[in-house]
Amino acid sequence: MRHLLLDQWSHRSSTIHSADARTKLVLLLLVLLTISLAPGSIPLVIAPILLATIQVSRLPLNALLIRAALVLPFSALLAVAIWFSGDSSGAATLLIKSYLSALAALLFAATTPLPAWTAALRSWHVPATLIAIIQVTYRYLFVIAEEAQTMSAAARARGGFRFSAATGALAVLFARSWQRAESVHRAMLARGYQP
Amino acid sequence: MSPLLEVCNLRYRYPDGTDALRGIDFRMNSGECVALLGPNGSGKTTFALHLAGLLKGEGSVALHGKVGIVFQNADDQLFMQTVLEDVAFGPMNQGLTTTEAHARATECLDRVGMAHAASKAPYHLSAGEKRRVAIAGVLAMQPDLLVFDEPTTSLDPPAERELIKLLRALPQAKLLVTHDVPFARALASRAVFFEHGQVAADGPIDNVIDRFDWDFPQSVSPDRR
Amino acid sequence: MHIPDGFLSPPVWLSFDAISVPAIGWIVHRAKKAAPLTPDAAHIPLLGVMGAFVFAAQMINFPVGLGASGHLLGGSLLAIILGPAAAMLVMTAVIVLQALLFQDGGVLVVGVNIFNMAIAGVAAGYLPVRLMGRSAFPVFLGGAFSVLVSAALVLWQLSLSGVAITGRPLWTASVLFAITAVLEGLITVAAIRAIGRLSPHSLPDQPQVSFPARAAFATLALLLATGGTWIASAAPDGLQHLAANIGLEANPVWTSALLDGWPAPAAGITGLACVYALCTLGGKRR
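Remember, predicted model here, so these are calculated numbers, not experimental data.

**Topic: the overall build of chain B**
And then number 1: Across its full length, chain B holds eight helices and nine strands.
And then number 2: Taken over C-alpha atoms, the radius of gyration comes to 18 Å for chain B, in line with the 17 Å a tight globule of 225 residues would show.
And then number 3: The 225 residues of chain B split such that 45% are buried.

**Things to note about the interface of chain A and chain C**
And then number 1: At the interface, 68 residues of chain A touch 59 residues of chain C.
And then number 2: Those elements giving two or more residues to the side of chain A that touches chain C turn out to be helix 1 (2-10), helix 3 (21-37), helix 6 (72-84), helix 7 (88-111), helix 9 (128-157) and helix 10 (163-190) of chain A.
And then number 3: In terms of residues, the side of chain A that touches chain C owes the most to one element, helix 10 of chain A, which gives 19 residues.
And then number 4: Split by residue class, the side of chain A that touches chain C holds 47 nonpolar, 15 polar and six charged.

**Here's the deal with the sheet that holds strand 2 (residues 19-28) of chain B**
Residue and element names in this part refer to chain B.
And then number 1: As summarised here, the arrangement of the three strands in space is 2-1-4, forming an open sheet in which the pairing is antiparallel. Whereas interior strands pair on both sides, the edge strands pair on one side only; in this sheet they are strand 2 and strand 4 (58-63). Strand-to-strand twist of the sheet, defined as the mean angle between neighbouring strand axes without regard to direction, takes the value 15 degrees.
And then number 2: Set on the sheet, helix 1 (residues 44-51) makes contact with strand 1 (5-13), strand 2 and strand 4; between it and strand 2 the angle comes to about 60 degrees.

**A look at helix 4 (residues 84-102) of chain C**
Residues and elements named next belong to chain C.
And then number 1: In this model helix 4 runs 26 Å from its N-terminal to its C-terminal C-alpha over 19 residues, within 8% of the 27 Å that 1.5 Å per residue would give.
And then number 2: Counting buried positions along helix 4 gives 18 out of 19 residues, so the element sits mostly inside the fold.
And then number 3: Positive phi appears at glutamine 103, one or two residues downstream of helix 4, with a value of about 50 degrees.

**Digging into the interface of chain B and chain A**
And then number 1: Contacts between the two partners involve 19 residues from chain B, matched on the other side by 19 residues from chain A.
And then number 2: When residues of the side of chain B that touches chain A are traced back to their parent elements, those giving at least two are helix 2 (74-77) and helix 3 (83-93) of chain B.
And then number 3: Its residues placed into classes, the side of chain B that touches chain A shows nine nonpolar, eight polar and two charged.

**Examining the packing of helix 3 (residues 75-82) of chain C against helix 6 (residues 136-160) of chain C**
Residue and element names in this part refer to chain C.
And then number 1: The interhelical angle for the contact between helix 3 and helix 6, taken along N-to-C directions, is 130 degrees, at an axis separation of 8 Å. Taken together, the axes of helix 3 and helix 6 lie oblique to each other. Contacts from Gly75, Ser76 and Ile80 of helix 3 reach helix 6 at Val139, Gly142, Gly143 and Ser146.
And then number 2: Per-class residue counts for the contact of helix 3 with helix 6 are two nonpolar, five polar and no charged.

**Section: the confidence of the model for chain C**
All names here are of chain C.
And then number 1: For chain C, mean pLDDT is 77; residues scoring 70 or higher make up 68% of the total.
And then number 2: Within chain C, the lowest mean pLDDT, 39, falls on helix 10 (residues 252-255), and the highest, 94, falls on helix 3.
And then number 3: Note on residues 235-264: pLDDT is under 50 here. Beyond four places in sequence and across chains, it has 17 contacts.
And then number 4: Contacts from residues 279-286, a stretch scored under 50 in pLDDT, to residues over four places away or in other chains number 10 contacts.
And then number 5: The ipTM assigned to the predicted complex is 0.91, against a pTM of 0.83.

**Some remarks on the sheet that holds strand 3 (residues 33-37) of chain B**
Residue and element names in this part refer to chain B.
And then number 1: The six strands lie next to each other as 5-6-7-3-8-9, forming an open sheet whose pairing is mixed. Looking along the sheet, the strands with just one partner apiece sit at the ends: strand 5 (67-70) and strand 9 (198-204). The mean angle between the axes of side-by-side strands here comes to 20 degrees, regardless of whether they run parallel or antiparallel.
And then number 2: Direction of pairing for strand 3 relative to strand 7 (residues 173-177): parallel, over a ladder of four bridges. Within strand 7, the position partnered with leucine 36 by the bridge is valine 177.
And then number 3: Seen against the sheet, helix 5 (residues 127-139) touches strand 5 and strand 6 (145-149) and runs at an angle of roughly 165 degrees to strand 5.

**Things to note about the pairing of strand 9 of chain B**
And then number 1: In terms of strand pairing, strand 8 (residues 190-195) of chain B meets strand 9 of chain B through six bridges, oriented antiparallel. By the bridge assignment for strand 9 of chain B, alanine 191 of chain B is matched with glycine 203 of chain B.

Reading the values: rules and limits
Residues numbered from 1 in each chain as written. Chains lettered and ligands numbered in written order. Predicted model: local features only at pLDDT ≥ 70, side-chain atom pairs only at ≥ 80, totals over all residues. Helix = DSSP H or I, 4+ residues; strand = E, 2+ residues; numbered from the N terminus. Rg over C-alpha atoms; globule rule 2.2 N^0.38 Å. Buried ≥ 20, exposed ≤ 12 C-beta atoms within 10 Å, placed from the backbone. Contact = placed C-beta atoms within 7 Å. Nonpolar A, V, L, I, M, F, W, Y, C, P; charged D, E, K, R; others polar. Pairing = 2+ DSSP bridges. Axes fitted to C-alpha atoms, helices over the stretch in contact; angles between N-to-C directions. Expected span 1.5 Å × (residues − 1). Parallel < 35°, antiparallel > 145°, perpendicular 65-115°, else oblique. pLDDT = per-residue confidence, 0-100.

Right, dumping it as structure tokens:
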């Protein structure tokens with residue numbers, strides 16, 4: 001799964017990786033603000049800065065550039081809509097801005113493991129409940145996603161999902177997730193958790 | 001010397017009305033290793049949950065010590081972000097400071113041979129590794145009795161051998177709920193057999209296995225002569 | 001429907017980010033006070049696992065004929081099963097993770113996406129079921145509304161930001177959103193029915209009573225506002241005409257570069273807030 005790359009990337013070591021998560025988050029926001037607010041070609045000044053940072057953090061350049069481009073289809077759709085509404089330069093600018101923003105965000109995520117940035121958010125008074133939900137979601141995201149992929153693969157091997165079969169798979173995925181939540185809760189209680 | 005665990009006439013009925021346990025009498029001494037065998041639905045897991053204090057039935061469960069339970073699905077037990085945090089979860093709930101909890105967690109990870117994985121995310125571990133981390137998480141609470149629910153699920157033969165070695169080295173009393181007969185034989189000298197929520201047999205493991213024909217049936221083994 | 005960075009103007013995304021922050025705080029408070037969802041399940045593990053479920057569920061393809069397929073978005077499904085407050089938290093967590101891990105939706109605008117999908121979308125997805133029960137029609141409406149409200153908000157926010165989508169492209173976008181809405185409704189109905197058969201104990205006995213009738217007025221207001229802004233998006237000059245007609249054209253506020261862009265979203269949100277306040281007061285008098 002795509003995340004696997006992120007997790008390997010975020011656990012590497014470099015000066016960027018070791019930097020404090022809060023500092024990186026603030027820098028990310030500043031970079032995003034600059035891209036968003038600055039007129040014309042200023043955002044292109046950001047690009048070399050991002051590339052340099054990628055080098056310093058010893059991440060695979062091409063992989064990141066390609067991964068950041070995943071945002072382009074949606075942006076392209078919007079850009080096309082805008083182009084046909086008569087604003088062609090606006091469309092191009094928007095495309096560039098959204099790509100650079102995605103690259104910056106990706107760079108942050110690839111150099112900062114989730115426990116680090118959730119701790120940063122927590123220190124900025126994001127509610128602990130929300131942080132905990134984010135962490136548990138992340139923990140089980142790939143486990144449950146794998147289940148979904150297995151079911152989809154099994155279906156593809158038998159001719160693909162019909163609507164009703166897809167619904168059944170969804171319900172099964174849900175039931176198993178619910179049971180899993182009960183098991184996790186039971187395991188927490190068995191080790192002294194007091195809600 | 002009083003037994004570590006004494007269960008008298010334990011009865012339990014699920015909310016939907018099924019009688020899961022219908023009068024269980026059971027005793028265990030410190031350091032003993034007992035296998036709990038029986039068909040699916042006979043109440044073995046329900047019994048294990050009672051020992052861990054997660055279910056409460058009628059009758060009595062007298063424990064002279066702490067119980068730790070290792071569940072069948074290791075994924076559902078390793079719910080923290082990193083291995084170290086997960087093993088430290090129990091000690092933290094017991095009131096230790098973060099430093100103390102982490103120290104104890106490291107020690108337990110060392111004991112199960114997983115100290116190198118302390119900062120890894122549980123998702124990246126193999127089935128055998130997850131199993132060992134789960135055991136470390138339970139050991140970290142310093143229990144006197146360890147209950148294992150189907151511990152060899154998903155383990156390949158080498159991992160199963162590692163698990164047997166590990167369990168043999170643990171001094172705590174152990175109750176193994178399992179279908180894996182060779183595994184049970186390797187560790188336990190005594191077996192209890194559950195049937196329909198009752199104890200149908202309690203004695204030397206070979207006797208119990210023979211009596212209920214619980215080993216891999218020789219009649220369907222391929223004839224390779 | 002996740003808006004990437006770089007599309008919205010600062011007044012727009014700052015306003016919506018600013019609304020989302022206290023809203024989330026309030027929702028966390030409400031979710032904590034709501035009754036446990038089953039005797040056995042604790043909040044955090046359940047909500048976390050449900051978040052993971054949403055991610056995974058979005059991967060299942062539902063064929064809709066002609067080789068195309070859609071997928072579930074999940075806001076209204078969650079609202080029906082977990083109750084609105086918990087569902088809003090789960091969807092918020094999902095959106096944050098989508099933004100940071102998958103760059104699906106921007107980081108600066110995460111508050112906007114949270115407002116559109118996790119708050120307004122979930123509320124709209126819950127309302128019909130809360131008012132009419134869990135039969136097929138209200139469940140369908142819930143699914144459809146959750147998409148329509150989110151989509152309308154996106155179009156409104158884009159138009160407020162001066163991103164011009166008008167005429168034919170707007171109609172195309174609207175049609176696509178409408179199809180997505182219908183699909184969400186259909187999948188949600190089918191899913192609720194299947195879950196009811198497979199795992200009935202996970203569905204609440206009745207729709208939770210945590211959102212009193214005043215929410216009906218609030219969401220109605222939201223629907224009217226978003227419907228109105230959909231129309232306004234189609235004619236962005238409408239506001240200008242109105243301003244000219246009532247003599248505001250020469251007002252320094254309109255022409256000041258510093259405040260450029262603020263009046264429209266500020267007016268819109270103030271208007272919404274007034275309507276909500278009126279409805280809340282009206283609701284309290286009952």
